[in-house]
Amino acid sequence: MATGRTHRPATRSRGIPEATVARLPLYLRALTALSERSVPTVSSEELAAAAGVNSAKLRKDFSYLGSYGTRGVGYDVEYLVYQISRELGLTQDWPVVIVGIGNLGAALANYGGFASRGFRVAALIDADPAMAGTPVAGIPVQHADELETIVSENGVSIGVISTPAGAAQQVCDRLVAAGVTSILNFAPTVLSVPDGVDVRKVDLSIELQILAFHEQRKAGEDTSESSPEAAASPVPAADSRKGPDGDMPAVMPA
């Protein structure tokens, strides 16, 4: 069986923009749903709506794959599923290790979507000796002392970090030294990695803060629309104090 260490996706060598690569999983999710309903073909407009992008952008993205659809018919769903899966490297086996088996790590280990998308959880690793041997999602947790051996024996090139922030950089350094070249980081910290190592950060608190910003803005718009007088009122002095970088209001750090 092919492993992630010996086979790399062809996206970069083929010059596919990173923005397009980021949208390919969205198209694949929408296409997989259509395939499960036995839908044979789909128009660019329908698929774009399902993926949450505009159809012109979708057609441009697919042109990088050499797929242009058929006028009056659309795109062949099964062929696009295969084509995008191949481009993303999902037609082969990608062994993954998850380091940090707390609540989040355990939830990730139990996530059923990994296997169906070409990712095999090869090992679960935790620094707590009491966790060693404890089965999580049917996989016994192994101690962090064995990290390098686990990565080597399983040909792991993708590591998932779900440790506390204070331990994440050290775990990252060990993974990279052991040969891991791609890291999915759930720890609330920014990791420093050498050239040639890819990091994707998932920070739920940041996403919630962004949503809170939009909710606050919508609430302000609603107030403005319902009360023109309130919208014309001067900003209270407390909200216009200078921050360290100029006239912007000072804010609490994230």
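Cut-off values and rules
Residues numbered from 1 in each chain as written. Predicted model: local features only at pLDDT ≥ 70, side-chain atom pairs only at ≥ 80, totals over all residues. Heavy atoms only, no water. Core = buried A, V, L, I, M, F, W, Y, C linked by side-chain atoms within 4.5 Å. Buried < 20%, exposed > 50% of the residue type's maximum accessible area, 1.4 Å probe, protein only. Helix = DSSP H or I, 4+ residues; strand = E, 2+ residues; numbered from the N terminus. Contact = heavy atoms within 4.5 Å. Salt bridge = Lys/Arg side-chain N within 4 Å of Asp/Glu carboxyl O. Pairing = 2+ DSSP bridges. Axes fitted to C-alpha atoms, helices over the stretch in contact; angles between N-to-C directions.

In terms of nonpolar packing, the biggest core is built from 23 residues, with Tyr27, Leu31, Val42, Leu47, Leu58, Phe62 and Ile84 touching the most fellow members. Sorting the residues of this core by element identifies helix 1 (18–36), helix 2 (44–51), helix 3 (55–64) and helix 4 (77–88) as the ones contributing at least two each. Per element, the largest residue contribution to this core is 7 residues, and it comes from helix 1. Residues within four places of Phe62 in sequence aside, it is in contact with Tyr27, Leu47, Ser67, Tyr75, Leu80 and Ile84. Judged by nonpolar contacts, the second largest core, of 20 residues, contains Val97, Leu147, Val171 and Val180.

Under the definition given, this model contains 6 salt bridges. For Lys218, the salt bridge identified is with Glu215, shortest N-O distance 2.7 Å. Of this pair, Lys218 and Glu215 both sit in helix 9 (residues 204–226), 3 residues apart, which is roughly one turn of that helix.

Glancing now at the sheet that holds strand 7 (residues 158–161). Spatial strand order, 5-6-4-3-7-8-9: 7 strands in an open sheet with mixed pairing. Only two strands of the sheet have a single neighbouring strand rather than two, namely strand 5 (135–136) and strand 9 (198–201). Across the sheet, helix 7 (residues 147–154) touches strand 3 (94–99), strand 4 (119–126) and strand 6 (139–143), and the angle it forms with strand 4 is around 165°. Against the sheet, helix 8 (residues 165–178) makes contact with strand 3, strand 7 and strand 8 (182–185), and its axis sits at roughly 170° relative to strand 7, the strand it touches most.

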